[in-house]
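Structural overview
Take a look at the letters that make up each chain.
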Amino acid sequence: MLGFERITFDPDIMGGRACIRGMRVTVSLVINLVASGMSTKEILEAYPYLEAEDVSECLRYAAWLAEDAVYSVAPSSA
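Attention here is on the structure that accompanies the text. (Residues numbered from 1 in each chain as written. Predicted model: local features only at pLDDT ≥ 70, side-chain atom pairs only at ≥ 80, totals over all residues. Heavy atoms only, no water.)

As a further point, take helix 1 (residues 27-35). Val-27, Val-30 and Leu-33 are the residues of helix 1 that are buried. Seen end-on, helix 1 carries its buried residues on one side only, within an arc spanning 125°. Residues of helix 1 that are buried make contact with strand 1 (7-8), strand 2 (19-20), helix 2 (40-46) and helix 3 (52-66). Positive backbone phi, at 105°, marks Gly-37, one or two positions downstream of helix 1. (Buried < 20%, exposed > 50% of the residue type's maximum accessible area, 1.4 Å probe, protein only. Helix = DSSP H or I, 4+ residues; strand = E, 2+ residues; numbered from the N terminus. Arc of directions from axis to C-beta. Contact = heavy atoms within 4.5 Å.)

What follows concerns the packing of aromatic side chains. A complete count under the given rule lists five aromatic pairs for this structure. Geometrically, the ring pair formed by Phe-4 and Tyr-61 is edge-to-face, given 5.4 Å between the ring centres and 85° between the ring planes. With Phe-4 in the segment before strand 1 and Tyr-61 in helix 3, this residue pair connects regions lying 57 residues apart in the sequence. With a relative accessible area of 6%, Phe-4 lands in the buried category. Among the residues examined, Tyr-61 registers a relative accessible area of 9% and is labelled buried. Aromatic rings pair up to connect Phe-4, Phe-9, Tyr-61 and Trp-64 into one cluster. (Phe/Tyr/Trp six-rings, centres within 6.5 Å; stacked < 30°, edge-to-face > 60°.)

Here we come to the side chain of Arg-6. Here Arg-6 is to be found in the segment before strand 1. A polar contact of 2.6 Å, which involves the side chain of Arg-6, links it to the side chain of Asp-54. If we ignore the near neighbours within four places in the chain, the residues touching Arg-6 are Cys-19, Ile-20, Arg-21, Glu-51, Glu-53, Asp-54 and Glu-57. (Polar contact = N/O pair within 3.5 Å; in protein donor to acceptor, adjacent residues only side chain to side chain.)

Next up on the list: the pattern of salt bridges. As enumerated under the stated definition, the model contains four salt bridges in all. With a closest N to O distance of 3.0 Å, Arg-6 and Glu-51 form a salt bridge. Within this pair, whereas Arg-6 is found in the segment before strand 1, its partner Glu-51 is found in the loop between helix 2 and helix 3, the two being separated by 45 residues in sequence. Under the relative-accessibility criterion, Glu-51 is labelled partly exposed at 34%. (Salt bridge = Lys/Arg side-chain N within 4 Å of Asp/Glu carboxyl O.)

Moving on: the state of the cysteines. Evaluated as defined, the whole model comprises zero disulfides. Free of any disulfide, Cys-19 has its nearest cysteine sulfur in Cys-58, 9.5 Å distant. Accessibility expressed as a relative area gives 0% for Cys-58, which makes it buried. (Disulfide = S-S within 2.5 Å.)

Structure, rendered in structure tokens:
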């Protein structure tokens, strides 16, 4: 999927949500940890089975998702 080798989707794991390397760790969890101020080092200490590249790829994936175009529909004046 567009160069995201560490992001996986499996309907049997976390309901098919975006996860890291088939583990039960969602991309949204990692993004929320970063947004809450945790450094990559702190995340890796809390989740020792993750790798720095996992955190980087989560951030790249979130950035890619944010590039989607959003079109505002003006309310009808009729």
